[in-house]
Amino acid sequence: MAGLTKGAPTPEDITVHGQSRVLEVTFSDGASFRIPFELMRVYSPSAEVQGHGPGQETLQTGMREVTLVGLEPVGNYGVQPTFSDGHSTGIFTWDYLYFLGSQEQKLWADYEARLAAAGVDRDAPMPGKAAHGCGSH
């Protein structure tokens, strides 16, 4: 399997752990990560979450119990998960999965800071959440 960045580590093993809600990925450089589904959902690379440019991100809440209901390969460079809330538009490249795993603590801290700044709770339901689609106007 090839990544998008030349010479970047590629996955050697991917395991979905449904009960503990983590995606375990072991990379060619020996790194192994257990990435929580919630972290993947909160940081989905989709336009619905990231927007179409800087400052257009949508803060995701109510994702603590999200699960993976599907995980499909995308070419030889990533996977496309389908989450239990219906979200399925993010393509997670090998580089991005490595980033999520290697930066998990920082990403959680950033997420908690964004929640606090917005005055919302991690478990609050998403306001006006559509089950599918980009969410753009």
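Read on for an overview of the structure. (Residues numbered from 1 in each chain as written. Predicted model: local features only at pLDDT ≥ 70, side-chain atom pairs only at ≥ 80, totals over all residues. Heavy atoms only, no water.)

## Some points on helix 4 (residues 104-118)
Phase 1 of the analysis: In a regular helix each residue adds 1.5 Å, so 15 residues correspond to 21 Å; helix 4 covers 21 Å between its end C-alpha atoms and thus fits that length.
Phase 2 of the analysis: In this structure, the buried side of helix 4 is in contact with strand 3 (32-36), helix 1 (37-42) and helix 3 (94-102).
Phase 3 of the analysis: Following helix 4 by one or two positions, Gly 119 has its phi on the positive side, about 70°. (Helix = DSSP H or I, 4+ residues; strand = E, 2+ residues; numbered from the N terminus. Expected span 1.5 Å × (residues − 1). Contact = heavy atoms within 4.5 Å.)

## Brief notes about the sheet that holds strand 5 (residues 78-83)
Phase 1 of the analysis: On the basis of which strands lie adjacent, the open sheet formed by three strands has the order 4-5-6 and antiparallel pairing. On the outer flanks of this sheet lie strand 4 (68-74) and strand 6 (92-93), each paired with one strand and no other.
Phase 2 of the analysis: The sheet contact formed by strand 5 and strand 6 spans two bridges and is antiparallel. Across the sheet, Gly 78 pairs through a bridge with Thr 93, a residue of strand 6. (Pairing = 2+ DSSP bridges.)

## Examining the sheet that holds strand 3
Phase 1 of the analysis: Ordered in space as 1-2-3, the three strands form an open sheet in which the pairing is antiparallel. The open sheet is flanked by strand 1 (11-17) and strand 3, the only strands paired with a single partner. The sheet shows a mean angle of 15° between the axes of neighbouring strands, taken without regard to direction.
Phase 2 of the analysis: As judged from the five bridges shared by strand 2 (residues 22-27) and strand 3, these two strands associate in the antiparallel manner. Directly across from Val 25, in strand 3, lies its bridge partner Phe 33.
Phase 3 of the analysis: Docked against the sheet, helix 3 engages strand 1, strand 2 and strand 3, running at close to 85° with respect to strand 3. (Axes fitted to C-alpha atoms, helices over the stretch in contact; angles between N-to-C directions.)

## Digging into the pattern of salt bridges
Between side chains of opposite charge, a pair can form when the charged atoms approach closely.
Phase 1 of the analysis: Under the definition given, this model contains seven salt bridges.
Phase 2 of the analysis: Measuring nitrogen to oxygen at the nearest pair gives 2.8 Å for the salt bridge that ties Asp 123 to Arg 64. Within this pair, whereas Asp 123 is found in the segment after helix 4, its partner Arg 64 is found in the loop between helix 2 (47-50) and strand 4, the two being separated by 59 residues in sequence.
Phase 3 of the analysis: The exposure class of Asp 123 is partly exposed, given its relative accessible area of 40%.
Phase 4 of the analysis: Under the relative-accessibility criterion, Arg 64 is labelled partly exposed at 33%.
Phase 5 of the analysis: In this structure, a network of salt bridges that share partners links the residues Arg 41, Glu 48 and Asp 85. (Salt bridge = Lys/Arg side-chain N within 4 Å of Asp/Glu carboxyl O. Buried < 20%, exposed > 50% of the residue type's maximum accessible area, 1.4 Å probe, protein only.)

## Observations concerning the side chain of Arg 41
Phase 1 of the analysis: Within the secondary structure layout, Arg 41 lies in helix 1.
Phase 2 of the analysis: For Arg 41, a relative accessible area of 0% translates into the label buried.
Phase 3 of the analysis: Within polar-contact distance, the side chain of Arg 41 engages the side chain of Asp 85 at 3.0 Å. (Polar contact = N/O pair within 3.5 Å; in protein donor to acceptor, adjacent residues only side chain to side chain.)

As far as function goes, none of this settles anything; it's purely spatial.
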